[in-house]
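Each chain, written out:
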Amino acid sequence: MTDRYEMGMATRRAVLGEAHVTRAEAAKTAFDQPFQDLITEGAWGRVWSDDTISQRERSMLTLALLAATGNFEEIPMHVRATARTGASAEDIMQAFLHVAIYAGVPKANHAIKLAKATLAEMEEEQP
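Residues numbered from 1 in each chain as written. Predicted model: local features only at pLDDT ≥ 70, side-chain atom pairs only at ≥ 80, totals over all residues. Heavy atoms only, no water.

The description of two packed helices rests on the angle between their axes and on the distance between the axes. It is the contact of helix α4 (residues 55–68) with helix α6 (residues 89–102), at a shortest axis distance of 9 Å, that shows an interaxial angle of 40 degrees. One way to sum up the angle between α4 and α6 is to call them oblique. In this structure, α4 meets α6 at a crossing whose hand is right-handed. Two secondary-structure elements touch here, α4 through Arg56, Met60, Leu63, Ala64, Ala67 and Ala68 and α6 through Asp91, Ile92, Ala95, Phe96 and Val99. Among the residues making up the contact of α4 with α6, the classes are represented as nine nonpolar, no polar and two charged. (Axes fitted to C-alpha atoms, helices over the stretch in contact; angles between N-to-C directions. Helix = DSSP H or I, 4+ residues; strand = E, 2+ residues; numbered from the N terminus. Parallel < 35°, antiparallel > 145°, perpendicular 65-115°, else oblique. Left-handed = near helix turned anticlockwise from the far one by under 90°. Contact = heavy atoms within 4.5 Å. Nonpolar A, V, L, I, M, F, W, Y, C, P; charged D, E, K, R; others polar.)

If you want it as structure tokens, here you go:
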């Protein structure tokens, strides 16, 4: 393992949560290991581990980019991550308002629907 991989795995666990990463690691196969290594080193070890901007800001950027590019399947996971990054429900909405103006109302609308459902699930899971 490289230092970047180790840093990426630590950041990935801090942002996505121990349970999520443990499940993802258990599902990893020889086939998808190269991809998992790539995202752990690149996305988590380089981009998410950089301290130039805060994790809160990074969450907002990620959610906006996912919505703007139509990668909706990743939105619930990253909404859940806001519980650890410090991005609030208001921050999430601000990100999606930017998506509405700069990338399209239908994309923002769908992202808001997903975020709303995920935030409600998170609320129900609170003790």
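Attention shifts here to the pattern of salt bridges. Applying the stated criterion across every chain yields a total of six salt bridges. The salt bridge partner of Lys28 is Glu25, with a shortest N-O separation of 2.9 Å. Of the charged contacts, one joins Arg56 and Asp91 as a salt bridge, the two residues approaching to 2.9 Å between their closest N and O atoms. Of this pair, Arg56 sits in helix α4 while Asp91 sits in helix α6, and the two are 35 residues apart along the sequence. On the basis of relative accessibility, which here comes to 33%, the residue Arg56 falls in the partly exposed class. Each of the salt bridges in this network shares a partner with another, and the network as a whole consists of Arg12, Glu25 and Lys28. (Salt bridge = Lys/Arg side-chain N within 4 Å of Asp/Glu carboxyl O. Buried < 20%, exposed > 50% of the residue type's maximum accessible area, 1.4 Å probe, protein only.)

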